[in-house]
Amino acid sequence: MSKSPMRAIMVSGLVLAAGIVPFAAAAQKEAGVPDLSGLWQRNVGPEAIGFEPVPGDKAVPIERMHVDSKDAEEIVAGKWDNPILQPWARDIVKRNAESEIALNHVYQADDSCWPSGLQMINVREPVVFLQEKDKVTILYQRDHHVRHIYLNQKHSANPKPSWFGESVGRYEDGALVIDTIAIKTHKMSVVDNYGTPHTDKLHVIERYRPINDKDGKRIEVTLRVEDEGTFTTPWRALAFYRPSREQRFAEVVCAENNRSFAEGSTFGPMPEAKTLPF
């Protein structure tokens, strides 16, 4: 029996990961290069969702609204009065919140198996960082999305917008720094769990730094988000990863599932491969 396309993808990923190990081990001898090897999973704060503020910062990410309802855990509503939002963006976050409070879920890209851009940082499933000499590849279990970060390069003069944008990176003070521009603008391309939109001016810098705390190892992610078309000021946020309890990626699919979608939950057909991957 021949391998399924999904199993072929998973096997290829494991082979690739195995080939990266020697570099990752050798790279640790170089000053400033962090060890991001292993399987990691998003670790969330008290609100169990979204980004956390950077202590001491005045400009903070959108926070979750506390709703007095028996369905509070299911309501993902953001505080639209955050001063970082320009009026047009505030209106969208407010409309989303009111819809959620009315128990009309606001669907996002991952609900329809599409890439989630900056929102991928908030996805709960396991993540792997493959460190090569000139490139870091981030593999997400969720919908098997992939990000490519090219090290020690400059941005293109006119990069073509894409779901994950154009990312260039470098190692600095024990952290992987990722500089991203040209993230595709779309009604489903948002920057957080509350449907906060962005324009083509979005510029994101992520800093992944392994640290140890009282609970053990984790990766601290500090983000700087700038978009003069959407926000009144640049703002920063924190996210964290812990070593995953899983030993490997699960073989799961999204677009191929036999399921129905509520009206308004999708924004186009499910992703479809036109050619065989092997």
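As a reminder, the structure under discussion sits directly above these lines.
If you're wondering where the values come from, they're calculated on a predicted model, not measured in any experiment. (Residues numbered from 1 in each chain as written. Predicted model: local features only at pLDDT ≥ 70, side-chain atom pairs only at ≥ 80, totals over all residues. Heavy atoms only, no water.)

Colleague: What should I look at first to understand the pattern of salt bridges in this one?
Modeller: Oppositely charged side chains may form a pair once their charged atoms are brought near each other. According to the stated counting rule, one finds 15 salt bridges in the structure shown. Between R142 and D143 there is a salt bridge, with the nearest N and O atoms lying 3.9 Å from each other. Where R209 meets E220, a salt bridge forms, and the shortest distance between an N and an O atom there is 2.9 Å. Linking R209 in strand β7 (residues 203–213) with E220 in strand β8 (residues 216–226), this pair joins segments that are eleven residues apart in sequence. Judged by its relative accessible area of 16%, E220 falls in the buried class. (Salt bridge = Lys/Arg side-chain N within 4 Å of Asp/Glu carboxyl O. Helix = DSSP H or I, 4+ residues; strand = E, 2+ residues; numbered from the N terminus. Buried < 20%, exposed > 50% of the residue type's maximum accessible area, 1.4 Å probe, protein only.)

Colleague: What should I look at first to understand the environment of E206 in this one?
Modeller: The topology assignment puts E206 in strand β7. Expressed as a C-alpha distance, the spacing of E206 and A237, which sit 31 residues apart in the sequence, is 9.6 Å. Engagement of the side chain of E206 in a polar contact is seen with the side chain of Y208, the distance being 2.6 Å. (Polar contact = N/O pair within 3.5 Å; in protein donor to acceptor, adjacent residues only side chain to side chain.)

Colleague: For this particular structure, what's the right way to read the sheet that holds strand β2 (residues 127–131)?
Modeller: Neighbouring strands of a sheet are bound in pairs by backbone hydrogen bonds; such pairs are parallel or else antiparallel. With mixed pairing, the nine strands of this closed barrel are ordered in space as β1-β2-β3-β4-β5-β6-β7-β8-β9. Put simply, the sheet's adjacent strands are angled 30 degrees from each other on average, direction ignored. Two elements, strand β5 (residues 166–172) and strand β6 (residues 175–181), share seven bridges in a ladder whose sense is antiparallel. Paired with Y171 across the bridge in β6 is L176. (Pairing = 2+ DSSP bridges. Axes fitted to C-alpha atoms, helices over the stretch in contact; angles between N-to-C directions.)

Colleague: Is there a simple way to think about unusual backbone geometry in this case?
Modeller: Most peptide bonds adopt trans geometry, and most residues besides glycine take a negative phi value. At H144, a residue that is not glycine, the phi angle is positive and equals roughly 55 degrees. Relative to the assigned elements, H144 resides in the loop between β3 (135–140) and β4 (146–151). In this structure H144 comes out as partly exposed when scored by relative accessible area, which is 22%. Of note, N152 is a non-glycine position whose phi angle comes to about 55 degrees, a positive value. Tracing the backbone through its elements, the reader meets N152 in the loop between β4 and β5.

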